[in-house]
Amino acid sequence: VPRATLKAAFQQRMAALRRPRERGLLCLAALLCAVCQQGADAQREAPAGRLLSGGRRWRGGGGGSRRTPTRLEETGSPESIIDTGARWRIRVIGSGRFLYKNGMSIIGTKQFFSLFELRRAASGAYFIADHAGDWLRLNSLEGADGFERLEAIKYRPPPPPDPASDAEHSAVVEVEQRSTGVVASSGPTPSPFWLTRHASGAYMVQVSADGRWYLCEHAADPQKLVAAAGGTAEGVNTSALFELQRVVAPEKEREQEAAPPGGALSFVERTKRCVMRKGGRDVVLATYHNIGMMDWASLFWGWLKASAIDRFFLLELDGLTCKAARALNVSVHFECATAADMMLPPELTHIQKASALADWGTTAESAYFKFLRWKLRFVELLAMQGVDVLMADVDVLILSPQFVPELVDMNVDLVISSDARQGSYDDNVHCPCSNAMYQRYTFDWVCAGLFYMRATPAALWFMRQAQEMMDEYTITDQDAIQAVLTGHTQVAIPQDKKRGNVSDGVSGAAARRAGSWLKPIWLEGLGATENLRNMRGTQPLNAPMKEPMWLRLLSAQKAKGFTWKTMPLERYGNGPILVHHWESMFGRSYGEGKAQLGDAPGIGGFRSIHANCNTKSWLAQDVRSRSFLLQPKPLK
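Quick caveat, the model's predicted, so the values are computed rather than measured. (Residues numbered from 1 in each chain as written. Predicted model: local features only at pLDDT ≥ 70, side-chain atom pairs only at ≥ 80, totals over all residues. Heavy atoms only, no water.)

Undergrad: Let's hear about the sheet that holds strand β18 (residues 396-398): which residues, and what values?
TA: Strand order across the open sheet formed by three strands is β18-β25-β24, with mixed pairing between neighbours. Single-partner strands in this sheet number two, and they are β18 and β24 (572-573). Where β18 meets strand β25 (residues 608-610), three bridges bridge the pair, whose relative direction is antiparallel. Bridge pairing in β25 links Val396 to His610. (Pairing = 2+ DSSP bridges. Helix = DSSP H or I, 4+ residues; strand = E, 2+ residues; numbered from the N terminus.)

The following block contains the structure:
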């Protein structure tokens, strides 16, 4: 704001406060506004039915029944409190639902959960954030039912005061705060919470300093977490009691933990512990993730056990995941690999905030790109031990004991899942080319989230080629594998590392595209305002190699004797298949519709389903948790 404007505002406000008549008018106006607001609040209809036994319905206005938000000045602000490093899973005692961040909403779900940190202020209040760093608050803009709902926000603390700032500006801010009661901030602020212990050991989460308001499930929709008034820790029912389950210990406690007896096992020894004998071959099931995917991992483990797979090898990405898995009592045996085992250059292993995985970019410096690079190196190192590798993302749910034997029997160097778009799913933003009229451009797409690779010289050559492709052109593992197999990427523009990374615009892409590749097809966004001119929603597709490069790669494949197949979608489904069959199969309980054993052990004929392409939300929003995918059961 210009200094002259601030000075004028200051002078006007001070003059008004000095004149009794104008000061009286200001006070009268404030009073009228308060009366009007109270009258409007009083007319708001209260939600039908009682929310809790021992509590009362929340009515707006009248008698001070609206919750007065507590200001950060009264409790302290979260950025000034040290994070201990502990992470918690929060469960509602009554329904058994876990708190889960879905988008920026906090909902209760039976299967999925987020991990939260709790920071305790000197005042006794707690601030709660999910592991990615988004803070919880009650939204003061109530829903249609009149309740404040729990949500997550990206909190931006106000900047520290500038001692050299203009004194008149400070005076204007002070006058504004006295007249409105609102402290200036840079956006929404987190809500403070108070924890009161119940005799059962659970906690009542109060949302006001006086203890009158507390957090609970909505009576009509248990996925919603809302504020209610009345009741005490001993008087409310179990829908307002929460269990805190510690999944990650505080950092100091982790540092003090002793090394395992006898020292750590070597990578070779850990590999041997994970070997399964299938179809006459030694096979290791491998996966990778951080603690941000622990909820999916627990579902993954359940289906492994149901499909008679009793072990796997986990590449942890953050130094926390293995201990968290043990804290959650993983149901099958597993060993852990770390970044140190990968023996990669420091520029590929140093990652800040690896457990949050907030950076999903594909620049060479992004955490996501480095994780994917570790993944392919992990596969290479396992194959070098003479074992076949079945690599599966944790959102791949294995639905049949025949899953591994059938892949082994395909008798090629590589069997990889298909990422072709089929069926009725239409979400071009989260799943490019899922629209029926664009699906033809994906007929040969493969998915790096699920593949079986034999320990053969040809397969090792292929895996090293894919890693070289990632390093040389800064593309994801999926685009690199696609390029080695078919000569084109999917949605990546291969970059010339010597000239920098591709920017978001067409001009940047053209200026820095690697010279050994041709231009991609540009798919316009399907929205009314999305086009090639403004680049909104625009996606590059199928950037091909120039012909000499592709012919050299084909010649090398033949010389090495490399062979590969794609898994059929009717047995190894992907996200679009999950959505297409949701009503008839995947959204149903066991035995309903097509949700039953097919022509061979496997539900509906499927050996696996991969919840990729943003289809996790379909399962997370299954309010009644009817889908059999959320209920792993042993398959005969």
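Undergrad: Could you give me a rundown of the pattern of salt bridges, with the residues and numbers involved?
TA: Close approach of charged atoms lets side chains of opposite charge pair. Scanning all chains against the criterion turns up 24 salt bridges. For Asp282, the salt bridge goes to Arg277, with nearest N and O atoms at 2.8 Å. Across the pair Arg311 and Asp310 runs a salt bridge, and its minimum N-O distance is 3.1 Å. Each of Asp83, Arg87, Glu117 and Arg119 takes part in salt bridges that share partners, so that together they form one network. (Salt bridge = Lys/Arg side-chain N within 4 Å of Asp/Glu carboxyl O.)

Undergrad: Now, about the packing of aromatic side chains: what can you tell me, with residues and values included?
TA: When we look at a pair of aromatic rings, we describe it by the centre distance and by the angle of the planes. Within the structure shown, the criterion is met by 17 aromatic pairs. For the ring pair Phe462 and Phe562, a centre distance of 5.0 Å and an interplane angle of 10° mean the geometry is stacked. Here the residue Phe462 occupies a position in helix α13 (residues 457-473), and Phe562 occupies one in the loop between α16 (547-560) and β23 (564-566), the gap between them amounting to 100 residues. Phe462 sits in the buried class, given a relative accessible area of 0%. By way of ring pairs, the aromatic residues Trp303, Phe586, Phe606 and Phe628 are connected into one cluster. When the ring centre of Phe113 is taken as origin, the NZ or CZ atom of Arg89, which lies over that ring, is 4.7 Å away. (Phe/Tyr/Trp six-rings, centres within 6.5 Å; stacked < 30°, edge-to-face > 60°. Buried < 20%, exposed > 50% of the residue type's maximum accessible area, 1.4 Å probe, protein only. Lys NZ or Arg CZ within 6 Å of the ring centre and 35° of its normal.)

Undergrad: Give a detailed account of the packing of helix α11 (residues 367-384) against α13, specifying residues and quantitative values.
TA: Where α11 meets α13, the closest approach of the two axes is 10 Å, and the angle between their N-to-C directions is 160°. Viewed along their axes, α11 and α13 adopt a mutual orientation that is roughly antiparallel. For the pair α11 and α13, the sense of crossing is left-handed. Contacts between α11 and α13 involve Phe369, Leu372, Arg373, Leu376, Arg377, Val379, Glu380, Ala383 and Met384 from the former and Leu460, Met463, Arg464, Ala466, Gln467, Met470 and Asp471 from the latter. Of the residues in the contact of α11 with α13, the class split is 10 nonpolar, one polar and five charged. (Axes fitted to C-alpha atoms, helices over the stretch in contact; angles between N-to-C directions. Parallel < 35°, antiparallel > 145°, perpendicular 65-115°, else oblique. Left-handed = near helix turned anticlockwise from the far one by under 90°. Contact = heavy atoms within 4.5 Å. Nonpolar A, V, L, I, M, F, W, Y, C, P; charged D, E, K, R; others polar.)

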